[in-house]
Amino acid sequence: MAGTFGGALEARGVKADEGRLVANVEGEIETDEGVLVIRRIRTRYRLQADETHVDAIRRAFEAHPPKCPVYRTLSGCIEITTELDIVPIA
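Small disclaimer: the values here were computed from a predicted structure and weren't measured.

The rules behind these values
Residues numbered from 1 in each chain as written. Predicted model: local features only at pLDDT ≥ 70, side-chain atom pairs only at ≥ 80, totals over all residues. Heavy atoms only, no water. Pairing = 2+ DSSP bridges. Helix = DSSP H or I, 4+ residues; strand = E, 2+ residues; numbered from the N terminus. Axes fitted to C-alpha atoms, helices over the stretch in contact; angles between N-to-C directions. Contact = heavy atoms within 4.5 Å. Phe/Tyr/Trp six-rings, centres within 6.5 Å; stacked < 30°, edge-to-face > 60°. Buried < 20%, exposed > 50% of the residue type's maximum accessible area, 1.4 Å probe, protein only.

Student: Even after reading the chapter, I still don't get the sheet that holds strand β1 (residues 21-32), so can you show me in this structure?
Tutor: Through backbone hydrogen bonds, the strands of a sheet pair up, either in parallel or in antiparallel fashion. If you walk across this open sheet you meet the three strands as β1-β2-β3, and the pairing is mixed. Two strands close off the open sheet at either side, each with one partner strand: β1 and β3 (79-88). Direction aside, the axes of adjacent strands within the sheet are offset by 15 degrees on average. The sheet contact formed by strand β2 (residues 35-49) and β3 spans 10 bridges and is parallel. Across the sheet, R40 pairs through a bridge with E79, a residue of β3. Sheet contacts for helix α1 (residues 2-11): β1, β2 and β3; angle to β1, the most-contacted strand, approximately 150 degrees. Sitting on the sheet, helix α2 (residues 54-63) is in contact with β2 and β3, with an inclination near 165 degrees to β3.

Written as structure tokens, this is what we have:
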């Protein structure tokens, strides 16, 4: 998902390379009839960006999940949530 989001940012003129975009992903696992099953995946993005790009960033963030092969494959089976923290470039 991070690759798809990064590509959506770059397409809008927002740099996502050189460590500007970082994704932290957590999965929640439960037991179902003695078998470990992933139930939820949470992705939290941290993006260092110029504040002038906030609107483009938000559009890319909202648009990227349905364009992502991983999201499209898993979203019907596993709850997937995303969050975004935008950190202004100093």
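From this point on, the discussion continues.
Student: What should I look at first to understand the packing of aromatic side chains in this one?
Tutor: A ring pair, where both rings are aromatic, is described by two values, the distance of the centres and the angle of the planes. All chains considered together, the criterion is met by three aromatic pairs. Measuring from centroid to centroid gives 4.7 Å for F5 and Y45, while their planes differ by 45 degrees, and the two rings are tilted. Note that F5 is positioned in helix α1 and Y45 in strand β2, a separation of 40 residues in sequence. Under the relative-accessibility criterion, F5 is labelled buried at 0%. On the basis of relative accessibility, which here comes to 0%, the residue Y45 falls in the buried class. For the pair F5 and F61, a centre-to-centre distance of 5.8 Å together with 70 degrees between the ring planes defines the contact as edge-to-face. Pair noted here: F5 is in helix α1 and F61 is in helix α2, with a separation of 56 residues, a long-range link. For the pair formed by F5 and F61, the shared burial category is buried. Taken together, the aromatic side chains of F5, Y45 and F61 make up a single cluster linked through ring pairs.

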